Amino acid sequence: MKKLILLCILCVSTVFNAKAQKWENLADTPLMGWSSWNCFADKIDEEKIVGIIDAVVSSGLKDAGYVYVNIDDCWHGKRDANGFITVNEQRFPHGMKWLADYAHAKGLKLGIYSCAGYQTCAGLPGSYGHEYQDALQYARWGIDFLKEDWCNTPDLNPKAAYQLMSDALRTAGRPIYFNLCEWGRNQPWHWARDMAHSWRTTGDIGVGFAELIKHYEEGAWRPNTVMKNLELTDTLRQYAGPGHWNDPDMLEVGNGMTQSEDRAHFTMWCMLAAPLVLGNDIRTMSDATKGIVLNKDMIAIDQDKLGVQGLHFCDTQGLALWFKPLANGDWAFTILNATKNDVRFGLNWQEFNLTDSQVSKKSTNFNTTVYRVYNLWSHKFEGKTSKKNKIERTLTIPSHDVVSYRLMLNQ
């Protein structure tokens, strides 16, 4: 029986060896959901994931667009006698198929984690040499998303390894969103567009806006800050778009930063058109955290159908000024203050007559067009832009915070 199964897998892979492309129409806008690692790390089990699934629905997250519940590393059991991966039965007694059915019954999708190497980052069975078996198993279970990591891959070619898993997922016959997680080391934005729906542009994120909050011993592995991952991603905008997104890693909103830092973190991921994958314990999140992650005005910036990553236009007075063209002619405009002090800034719209020549070819045309100014966090209109070359108002941008507007065509 084992030989027959392996022969069938080999035959299927041979038929599709012409590099089957990824499943289409799974990522027309950036993915929204939740993942287990930032909150629970290796301490995951069925009870927690069921609780998260229930909380996604009851908290309003599902209605806001967060539909993926993704299980990261440490769900794995051993491989069976035929080489198929199994679930850790102590942690997931009902099995992964049961859990996927539970999520689907709630109108959600279930995601899972693997690694292109011999073992996962936590030392559990990786997918190397079992790509078609694993893809088939995920399809049998009803999985909707796969994050594939890059640990324990000393002699592997990343482009070939990820293409192999992409082919396997397509061959298995179930549409599965494919997220590459090799931390941007091999510049996947240059080669992964046809094989994956998103790719990590950075190393792992940690809890910390400009500086990490958690203490790490000298010489120990350290994650990146929010600002570091923003910096690593903001020059890659020409590679992102509907169906293929830059991924600066999961959100740390609600995990210990200040409310201002959480707001700035969430805003900048929306300006990046990044996947919005929550990493906090949503079963117990505060009202302040809910107010951030459920901000539908800001989510609309991330999910805009034009699918253009924001433009880091300039820096002045320690502030970063960003513009993001939107599908209906509107623009998102964000002023980010990553400094340790509040900054007063005089707003003269005529200083921002720009054309996004790199991606969208759209222009702000403040000298000829008037926009209504809508504050994305206060949810109030704050007048209109002006064709006059003068400071219209003076803003105070708090430390580690943002001022963010939707500039709406005056129709």
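Residues numbered from 1 in each chain as written. Predicted model: local features only at pLDDT ≥ 70, side-chain atom pairs only at ≥ 80, totals over all residues. Heavy atoms only, no water.

**Structural notes on unusual backbone geometry**
- A positive phi is found at Lys-361, a non-glycine position, where the angle reads about 65°.
- With respect to the helices and strands, Lys-361 occurs in the loop between β14 (343-347) and β15 (371-375).
- Judged by relative accessible area, which is 56%, Lys-361 ranks as exposed. (Helix = DSSP H or I, 4+ residues; strand = E, 2+ residues; numbered from the N terminus. Buried < 20%, exposed > 50% of the residue type's maximum accessible area, 1.4 Å probe, protein only.)

**What to know about the sheet that holds strand β16 (residues 380-384)**
- The six strands lie next to each other as β11-β12-β13-β18-β15-β16, forming an open sheet whose pairing is antiparallel. Each end of this open sheet is capped by a strand with a single partner; those strands are β11 (311-316) and β16. Taking each pair of neighbouring strands and ignoring which way they run, the sheet shows an average axis angle of 25°.
- With five bridges joining them, β15 and strand β18 (residues 401-409) adopt antiparallel strand pairing. The partner of Val-373 across the bridge, within β18, is Leu-407. (Pairing = 2+ DSSP bridges. Axes fitted to C-alpha atoms, helices over the stretch in contact; angles between N-to-C directions.)

**Describing the environment of Ser-363**
- Within the fold, Ser-363 resides in the loop between β14 and β15.
- Counting along the chain gives 11 residues from Ser-363 to Phe-352, while the straight-line C-alpha distance between them is 9.8 Å.
- Among residues more than four places away in sequence, those in contact with Ser-363 are Trp-331, Leu-354, Thr-355 and Tyr-371.
- At 2.6 Å, the side chain of Ser-363 forms a polar contact with the side chain of Thr-355. (Contact = heavy atoms within 4.5 Å. Polar contact = N/O pair within 3.5 Å; in protein donor to acceptor, adjacent residues only side chain to side chain.)

**Here we look at the sheet that holds strand β2 (residues 68-70)**
- Taken together, eight strands build an open sheet; the order of strands is β9-β8-β7-β6-β5-β2-β1-β10 and the sheet is parallel. Two strands bound the open sheet, and with one partner strand each, they are β9 (245-247) and β10 (276-278). When the angles between neighbouring strand axes are averaged without regard to direction, this sheet yields 25°.
- Taken together, the five bridges between strand β5 (residues 109-115) and strand β6 (residues 145-149) define a ladder with parallel strand orientation. Each residue of the ladder has a partner; that of Ser-114, found in β6, is Glu-148.

**Things to note about the pattern of salt bridges**
- The final tally for this structure, using the stated rule, is 15 salt bridges.
- Note that Asp-204 and Arg-200 form a salt bridge whose closest N and O atoms lie 2.5 Å from each other.
- A relative accessible area of 28% places Asp-204 in the partly exposed class.
- With its nearest N and O atoms 3.1 Å apart, the salt bridge here joins Glu-382 to Arg-393. One end of the pair, Glu-382, is in strand β16; the other, Arg-393, is in strand β17 (residues 393-397), and 11 residues separate them in sequence. (Salt bridge = Lys/Arg side-chain N within 4 Å of Asp/Glu carboxyl O.)

**With respect to the packing of aromatic side chains**
- A full pass over the atoms with the stated rule returns 22 aromatic pairs.
- Centroid distance Phe-145 to Tyr-177: 5.3 Å. Interplanar angle 20°. Geometry classified as stacked. Taken as a pair, Phe-145 in strand β6 and Tyr-177 in strand β7 (residues 177-180) lie far apart in primary sequence, 32 residues in all. The exposure classification of Phe-145 matches that of Tyr-177, with both residues buried. (Phe/Tyr/Trp six-rings, centres within 6.5 Å; stacked < 30°, edge-to-face > 60°.)

**Here we look at the domain arrangement of the protein chain**
- Taken domain by domain, the protein chain consists of domain 1 (32-303) and domain 2 (311-409).
- A straight line from the C-alpha centre of domain 1 to that of domain 2 covers 31 Å.
- Here domain 1 and domain 2 share an interface that buries about 2,200 Å² over both sides, 65% of which is from carbon and sulfur atoms.
- Put simply, domain 1 and domain 2 have three salt bridges between them.
- Put simply, Arg-237 and Asp-356 hold a salt bridge, and the shortest N to O gap is 2.7 Å.
- Seen at the junction of domain 1 and domain 2, the total is 12 residue pairs in polar contact (both at pLDDT 80 or more).
- The element best represented in the side of domain 1 that touches domain 2 is helix α9 (residues 259-271), accounting for nine residues. (Domains from an automatic or database assignment. Buried area = accessible area lost by both parts, 1.4 Å probe.)

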